[in-house]
Amino acid sequence: MSATSSSMQVAYLSLPVETWWECLSYVSKRDLQQLRLVCRFFARICFNPLFETLSWSVPNADLLLWGPPTALEDQVRDLYAFITNDSASDVLHAVRRLDFKGIDRGFRTCLRSPRISAANSSYLALFRQALSAFTALRSLTLTAVTIDDKVAASLQNLSSLHALELNDCIVTSTLPVQLPLRNFVVVSTWDCGDHKVTGETLHLVAPQQLEWVVLADDRWTSTMFSAWANVSMSFLTRLTIRVQRSQSASFLNFLRQCPQLDSLFLAPDSTLDHPDVILPSTIVPNLRVYEGPLILAHAFITDRNITSARLDAISVDDRSGSFMPMRTESIISALEVTLPAAPHLRTLRLCDVCPDLGLLRLVSRHMRELKTLELHLTSDAGSTNFQHDETFESVSQSAASISASDLEGVLCVAEHVGIPVDRLTGFPTEKYPPAEHDACDRFTLQTVLVWATLGHVALPSSLEELDVQFPDYCPPMKGDPATSISSSKGASNGGLDVSRMLHNLSSRLTRLRRCTVNERAWAFTVGNEGGAADWVEI
């Protein structure tokens, strides 16, 4: 063996194990299994990445309603064999992430069968027995599991556990476990009205060390506000939560205990008592990311260095609690107040908005440093609040208000991208299926793309990424099938030429490097061997 190859082998074997694990984290499980067979070195190195994630779930839970629980009983036997097998001890110590799922509440009626109930009890008992053996466990996800005193005690023995996610779980334990978690997630998709969440329930977690909290359960939210009202949560940086109007005071008091909060994610239907009142700068002074209702954005964005925002144009009915898209006029009014308060915004997502020239002009006027713009459009924003004729009247007024220079730009862009438009209003003249959306068929994706391609008129010149999403249907787009978006059945040969549109965008927005339309994305890349730059679908 030459000296060069020998030195390379030494360097190869002397890499830190953590470096190998980082590299192997990008390798599929199947490839890791093959790589373990190469030599003893790879058999040892691949062991931890191969077994760091383990998942257990009830197989074919829906079959429990119609037949004997043979699959569940097989799972119990396999789990018992795994736990009692001496050779599995290395695997138990290697697992870093564990996902365990019981029987969903939707299938709980099957537990009336003695055989199914016995199998399920054995399944859960084996899980409790095995839980304390995962000494290196860092992340645990539990679904449809009742956390009693026995499970809580097992959790307390997991010294390395820093992330816990509870999905449709019920906590009955009253032990003051106080798990020193960094991430805590609670999600409820079922109405568990028969189960109350009390202050003793929150004894499961020590709040002082939490860095990320997600509460998608109103019962946990109310209890947390009261139980942790005077607890300093100096490490909390990310909070995802839904707030009701009745919780306004306790929510704001809770935020005072979170001085390092960096990202706040509010459910779209969240409400506060006084949404137009600006919060004092002493509350969450370090906030950088806001995602939530547009009507609450001004309160959280003003006097803070917000760099990323997702604004949901949703209005909530106080009586029924239902929510619906805001009127376009209300959206523009809210943005006129909100956007000037966020001059350093780099990423903006507008959700549930109708295509409107005034909206894009507002973004261009105030967002001089914007790099990413996402438009999640709706075909019926505000349509539930006024009649069909008023919709078209509003559209006509919006079209009539376009200036001569803007109209000239629309006509120029329309010619470039191949869209026939009305030379008096700038609106596309072609109509596309489906006909059931005729009340809003002028609010089409084509319309907003015509406006988007105005660049110097309707979009910030700093833009690097543009994302346009439209629900349910997309007007036809013509061009090379490999490049353009496919049209719906029965569409005409007209439509938006994707290739021409992208080139026109890049000529006006010189920094634009990525464009996404209805989940299909194109990137502006340089060709191989110094070839010309061009748009490529990715």
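Fair warning: this is a prediction, and the values are worked out from it, not measured in the lab. (Residues numbered from 1 in each chain as written. Predicted model: local features only at pLDDT ≥ 70, side-chain atom pairs only at ≥ 80, totals over all residues. Heavy atoms only, no water.)

A. Representation of the overall build of the protein chain within the structure. Check the secondary structure of the protein chain and you find 18 helices and 22 strands. Sorting the 538 residues of the protein chain into buried and exposed places 47% on the buried side. Contacts in the protein chain between residues far apart in sequence, at least 24 positions, make up 66% of those at least 6 positions apart. When the accessible surface of the protein chain is summed, it comes to about 25800 Å², and 51% of that surface belongs to carbon and sulfur atoms. (Helix = DSSP H or I, 4+ residues; strand = E, 2+ residues; numbered from the N terminus. Buried < 20%, exposed > 50% of the residue type's maximum accessible area, 1.4 Å probe, protein only. Contact = heavy atoms within 4.5 Å. Areas by Shrake-Rupley, 256 points an atom, 1.4 Å probe, with all protein chains shown as cover.)

B. Layout of the confidence of the model for the protein chain. Averaged over all residues, the pLDDT of the protein chain equals 76, while 73% of them reach at least 70. Element-level pLDDT for the protein chain is lowest in helix H15 (residues 388-400), with a mean of 38, against a maximum mean of 96 in strand S10 (residues 263-266). Confidence over residues 381-400 falls short of pLDDT 50; this stretch has 31 contacts with residues more than four positions distant or in other chains. Every residue in residues 472-494 is under pLDDT 50, and counting partners more than four places away or in other chains gives 57 contacts. (pLDDT = per-residue confidence, 0-100.)

C. Quick peek at the side chain of Thr 516. Structurally, the position occupied by Thr 516 is in strand S20 (residues 514-517). Residues within four places of Thr 516 in sequence aside, it is in contact with Leu 466, Asp 467, Val 468, Gln 469 and Ala 521.

D. Structural detail: the nonpolar core. If you look at the biggest cluster of nonpolar residues, it comprises 119 residues, and the most contacted ones within it are Trp 56, Leu 98, Leu 155, Leu 166, Phe 251, Phe 300 and Leu 348. Ranked by residue count, the leading element in this core is helix H8 (residues 114-131), at seven residues. In this structure Leu 348 touches Ala 309, Leu 311, Leu 339, Val 363, Leu 370, Thr 372, Leu 373 and Glu 374, once residues within four positions along its chain are discounted. Counting eight residues, the second-largest nonpolar core is a separate cluster that includes Leu 24, Leu 32, Phe 42 and Cys 46. (Core = buried A, V, L, I, M, F, W, Y, C linked by side-chain atoms within 4.5 Å.)

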